[in-house]
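# Descriptive analysis of the structure
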There are 2 protein chains.
Amino acid sequence: MAKGLPTRAENYAEWYLEIIKKASLAENSAVRGCMVIKPYGYAIWERIQSELDRRFKDTGHSNAYFPLFIPKSYLSKEASHVEGFAKECAVVTHYRLKNDPNGGGVIVDPDAKLEEELIVRPTSETVIWSTYKNWIQSYRDLPLLINQWANVVRWEMRTRLFLRTAEFLWQEGHTAHALRQEAIDETVQMLNVYAEFAETVMAMPVIKGVKTANERFAGAEDTYCIEAMMQDGKALQAGTSHFLGQNFAKAFDVKFADKTGQLEYVWGTSWGVSTRLMGALIMAHSDDDGLVLPPNLAPWQVVIVPIYRGSEGLDQLKDKCYELKAALVKAGVRVKLDDDDKQTPGWKFAEYELKGVPLRIAIGPRDLANGTLELARRDTKTKESVPMDGIVELVPQLLTQIQDSLYNKALTFRDSMITEVNTYDELKEVLDTKGGFVSAHWDGTSETETKIKEETKATIRCLPIDGSLEPGTCIYSGQPSARRVLFARAY
Amino acid sequence: MAKGLPTRAENYAEWYLEIIKKASLAENSAVRGCMVIKPYGYAIWERIQSELDRRFKDTGHSNAYFPLFIPKSYLSKEASHVEGFAKECAVVTHYRLKNDPNGGGVIVDPDAKLEEELIVRPTSETVIWSTYKNWIQSYRDLPLLINQWANVVRWEMRTRLFLRTAEFLWQEGHTAHALRQEAIDETVQMLNVYAEFAETVMAMPVIKGVKTANERFAGAEDTYCIEAMMQDGKALQAGTSHFLGQNFAKAFDVKFADKTGQLEYVWGTSWGVSTRLMGALIMAHSDDDGLVLPPNLAPWQVVIVPIYRGSEGLDQLKDKCYELKAALVKAGVRVKLDDDDKQTPGWKFAEYELKGVPLRIAIGPRDLANGTLELARRDTKTKESVPMDGIVELVPQLLTQIQDSLYNKALTFRDSMITEVNTYDELKEVLDTKGGFVSAHWDGTSETETKIKEETKATIRCLPIDGSLEPGTCIYSGQPSARRVLFARAY
């Protein structure tokens with residue numbers, strides 16, 4: 001394409017990275033695996049944060065902040081947790097540098113070695129449950145409903161911007177409850193919050209489901225997830241919500257006195273989404289011309305570009321643009337007016353197309369004379385000349401239309417990418433040709449799941465909550481199957 | 001006092017820590033020097049963030065995110081910066097743990113040693129300027145106006161909650177400009193943003209000034225600051241804004257082509273405030289009964305407590321409370337209605353007094369019959385019975401009154417704590433008896449400043465921007481002095 005993006009058909013992986021680059025969303029830093037989130041990318045992340053944060057607070061949660069560092073010994077306290085998280089971590093061993101006595105700049109001071117190494121948090125269950133032990137004594141202290149917005153580090157060897165980075169930003173909810181059922185209800189509630197957010201704000205349809213034991217969070221009794229379908233037919237886990245049972249309560253000895261004074265372990269949940277959602281967003285809607293943003297998430301829903309040569313009539317034109325911007329802002333629309341003289345209108349058109357701004361309004365001298373403006377939709381790439389009168393009413397309607405249209409398009413695509421198969425050969429063929437989710441019977445064993453993964457690179461994405469419970473025969477082992485599950489290759 | 005707080009007169013340091021504990025603001029974690037910010041403390045921090053963030057955006061800045069880790073060699077690139085920051089840092093040396101072959105849990109994997117150690121950022125100038133090098137080519141790329149909300153780590157040996165912790169939360173602005181004067185203007189603009197925020201939102205008067213060379217940020221040409229006065233007569237630096245000159249541009253080779261195509265180094269600024277502001281807030285207004293919050297910063301400006309025994313008439317009472325809450329929320333007031341049956345009204349009164357909620361409304365059955373309610377002000381500790389009619393108009397007026405009253409009280413106190421002296425003996429006497437800021441002549445040398453600091457523990461807080469420029473004689477050396485400066489003992 002004109003802006004040097006490869007098409008999705010040519011090279012999907014390259015197309016993805018080039019959108020991130022050309023739309024100025026993020027870039028790799030000098031520190032291996034750590035990204036810089038650029039202002040435009042961060043503005044989208046702030047929109048994600050604010051929409052989610054409101055939902056967390058509406059469901060009774062408060063934010064708090066826990067330490068970046070976790071004592072190494074904490075990771076070992078929950079048996080399965082250490083297996084899942086203790087391996088690829090950034091380890092702090094020293095707390096001081098000093099000038100090299102040999103003049104070689106600064107070196108690590110060998111005298112400043114920590115007694116116990118600190119791990120940069122890969123997730124915060126351990127440090128949070130060690131704190132909850134002091135916060136929870138009685139049923140009066142429950143439920144404890146807390147969320148944290150934070151950076152976490154997992155030392156990934158192969159990284160890809162937003163999808164897998166050594167440091168990433170996320171939120172992690174950590175709740176404690178008196179009753180098992182209450183904790184399960186919380187787990188499901190937060191899954192529903194994520195799904196509603198993904199569908200109504202990101203315009204991204206998701207399948208709600210439960211993970212198999214193999215794919216479960218290390219330390220959870222059950223992991224619920226939302227799974228989305230990308231345009232290349234690969235699945236992407238967009239959020240998880242874990243029912244922790246009493247595992248962390250037992251590991252950190254967190255008990256409460258119930259109304260009769262009896263001591264019981266509390267029940268826990270944790271749930272999180274991360275800057276990975278940015279990757280999902282890019283791949284859910286964008287096209288060969290760049291990013292396409294759903295209006296509910298776009299930092300700027302409308303960009304206004306004045307069109308002029310020379311300075312004649314410029315003041316009047318700019319006045320009109322400012323007036324229009326003010327009217328739209330008053331109507332609750334997020335608007336950027338770009339009257340920067342250092343760039344041409346053509347450059348700006350290309351720029352906001354790449355950046356996925358849902359609506360572009362251009363106003364030139366002739367529009368001014370005629371009382372019109374040019375309105376361009378990013379999603380359909382249609383342009384029309386419309387009267388200025390009524391534009392303040394029209395824009396919000398159009399934004400709603402675009403939001404709905406993006407969702408419906410993604411939903412139609414996603415639904416077309418769910419294929420039911422009844423044999424292992426069919427599964428392999430669909431994975432290799434069409435891709436997408438493949439609905440198939442599975443015998444429920446980790447062994448079969450692992451074999452299929454090794455042979456096809458597809459994993460069981462989930463047991464869909466809304467899926468059919470009709471029994472059948474496992475496509476791999478021929479053993480009885482309680483229900484169909486969804487396989488896919490995934491990010 | 002009733003709730004077990006020591007009075008300020010008895011033990012100011014203990015009073016400070018007890019307020020943090022009893023108002024549930026924060027606590028020490030198991031990781032040395034790192035704090036847990038509890039939900040109520042974090043809610044106040046979120047108010048600080050949202051008020052500042054709006055001001056940053058109104059002045060043209062965008063948020064972005066840069067890596068947590070800094071390659072060790074980066075710290076050495078700006079000569080004076082390394083002296084100031086390279087010493088007490090958390091150093092990441094390894095990226096993997098493994099199971100101890102001898103069965104001793106997890107150990108650091110000696111095979112996973114980093115080639116170059118990574119420093120957990122103590123501040124981000126180096127990593128950001130190394131990135132700016134790629135972002136800035138031409139005058140079209142300038143000014144670059146970026147802010148980051150982040151956690152940073154400085155390995156402090158003596159820590160105190162909020163005032164000095166190993167990990168803390170902050171914002172750091174980093175801007176790049178084509179012109180020297182433009183960068184200076186930015187530095188001063190952000191100082192003014194901080195001062196306006198401190199005074200109108202935190203109700204905390206501040207003195208704007210310039211630091212001496214000794215107290216300057218490592219790598220800056222000039223450090224501007226806002227200095228506040230705490231109730232015990234000690235000063236507290238509440239925010240800094242640095243004019244970096246071309247120091248970091250030269251260290252990281254950041255040049256731009258001006259309109260004629262000539263390459264020039266860019267000019268930089270950086271500016272930050274941190275969770276230290278929470279410490280300032282606590283000490284600025286609180287009293288022997290607990291926290292006192294200015295309404296503009298209070299997460300809840302009003303708490304409504306229904307008063308009842310047994311369940312008779314309870315539904316009607318609660319309905320009235322919910323109705324009142326809805327009406328106040330509609331009027332833009334932040335309201336908490338506490339109808340939790342697990343706690344008594346007496347417990348709640350004590351709790352919200354400790355938490356510094358500006359206004360408390362109590363409604364009992366008699367109020368319901370009489371159409372009245374009890375209104376209590378936290379700052380003056382006055383109570384009165386007022387009619388329910390008109391309460392929605394009265395509350396915002398009262399909140400404004402409380403905000404103004406807290407500011408004026410703090411201003412009167414602060415002004416009373418500035419003492420002009422003309423001899424070194426007077427300086428020492430004022431420091432040892434009254435405390436506060438001491439305005440005195442100083443010869444402008446680092447030597448004199450250092451001597452005075454060693455002998456009195458007082459530092460030069462700043463050269464006030466609005467201070468008199470009348471010359472005089474240095475109180476220490478007898479040498480000529482260009483102007484008076486402010487000395488104080490400080491947090």
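Residues numbered from 1 in each chain as written. Chains lettered and ligands numbered in written order. Predicted model: local features only at pLDDT ≥ 70, side-chain atom pairs only at ≥ 80, totals over all residues.

## A word on the interface of chain A and chain B
Heads up, the condition is: Placing a C-beta atom from the backbone of each residue, one calls two residues in contact when those atoms lie within 7 Å. Nonpolar residues are Ala, Val, Leu, Ile, Met, Phe, Trp, Tyr, Cys and Pro. Charged residues are Asp, Glu, Lys and Arg, and all others, Gly as well, are polar. A pair of strands is labelled paired if DSSP reports no fewer than 2 bridges between them. Secondary structure elements are taken from DSSP: a helix is a run of H or I of four residues or more, a strand is a run of E of two residues or more, and numbering for both begins at the N terminus.
Taken together, the contacts link 53 residues of chain A with 52 residues of chain B. Tallied by class, residues from the side of chain A that touches chain B come to 32 nonpolar, eleven polar and ten charged. Note that strand β5 (residues 91-94) of chain A and strand β5 (residues 91-94) of chain B share three bridges and pair antiparallel. Paired with His 94 of chain A across the strands is Val 91 of chain B, a residue of β5 of chain B.

## Notes on the nonpolar core
This is how the line gets drawn: A set of buried residues qualifies as a nonpolar core if it consists of Ala, Val, Leu, Ile, Met, Phe, Trp, Tyr and Cys joined through C-beta atoms within 7 Å. Residue burial is a threshold on neighbouring C-beta atoms within 10 Å of the residue's own C-beta, all placed from the backbone, with 20 or more meaning buried, 12 or fewer meaning exposed, and counts in between meaning partly exposed.
Counting residues in hydrophobic clusters, the biggest one holds 299 residues, and the most contacted among them are Ala 198, Ile 226 and Ala 228 of chain A together with Ala 198, Ile 226, Ala 228 and Ile 304 of chain B. Filtering out sequence-adjacent residues up to four positions away, Ile 226 of chain B remains in contact with Leu 191, Tyr 194, Ala 195, Ala 198, Val 206, Ile 207, Lys 208, Ala 238 and Gly 239 of chain B.

## As for helix α10 (residues 345-354) of chain A
Every buried residue of α10 of chain A is accounted for by Tyr 352, Glu 353 and Leu 354 of chain A. Gly 356 of chain A sits one or two residues past α10 of chain A and shows a positive phi near 75°.

## A look at the relation of the copies chain A and chain B
Worth spelling out the cut-off: In superposing the copies, a least-squares fit is computed on C-alpha atoms, taking residues whose pLDDT is at least 70 in both.
Overlaying chain A with chain B gives an RMSD of 0.0 Å, the required rotation being 180° about an axis along which the chain moves by 0.0 Å. Overall, the copies show the geometry of a two-fold rotation axis. Minimal C-alpha separation from the rotation axis in chain A is found for Val 92 of chain A, amounting to 2.1 Å. When the interface residues of chain A are mapped onto chain B, 98% of them are again interface residues, pointing to one common binding face.

## Observations concerning the confidence of the model for chain A
Worth spelling out the cut-off: pLDDT is defined as a per-residue confidence score from the predictor, taking values between 0 and 100.
Taken as a whole, chain A shows an average pLDDT of 95; of its residues, 99% reach a score of 70 or greater. Overall fold confidence for the complex sits at a pTM of 0.96, while the interface term, ipTM, reaches 0.96.

## Focus on unusual backbone geometry
Look at the link from Leu 142 of chain A to Pro 143 of chain A: it is a cis peptide, with omega at -5°. Assignment of secondary structure puts Pro 143 of chain A in the loop between α5 (125-135) and β9 (144-153). The phi angle at Lys 457 of chain B is positive, at roughly 65°, despite the residue not being glycine. Inspection of the secondary structure assignment puts Lys 457 of chain B in the loop between α14 (446-456) and β24 (459-464).

## Section: the domain arrangement of chain A
Put simply, the rule reads: The start and end points of each domain follow an automatic or database-based domain assignment.
Splitting chain A by domain gives domain 1 (12-86 + 123-285), domain 2 (302-401) and domain 3 (418-488). On a C-alpha basis, the centroid separation for the pair domain 2 of chain A and domain 3 of chain A is 50 Å.

## A look at helix α2 (residues 39-58) of chain A
All names here are of chain A. In plain terms, the rule: Residue count minus one, scaled by 1.5 Å, sets the expected span of a helix.
Between its terminal C-alpha atoms α2 stretches 28 Å, which fits the 28 Å expected from 20 residues at 1.5 Å a residue. Listed in full, the buried residues belonging to α2 are Tyr 40, Gly 41, Tyr 42, Ile 44, Trp 45, Ile 48, Leu 52 and Phe 56. Downstream of α2 by one or two residues, Gly 60 has phi in the positive range, about 90°.

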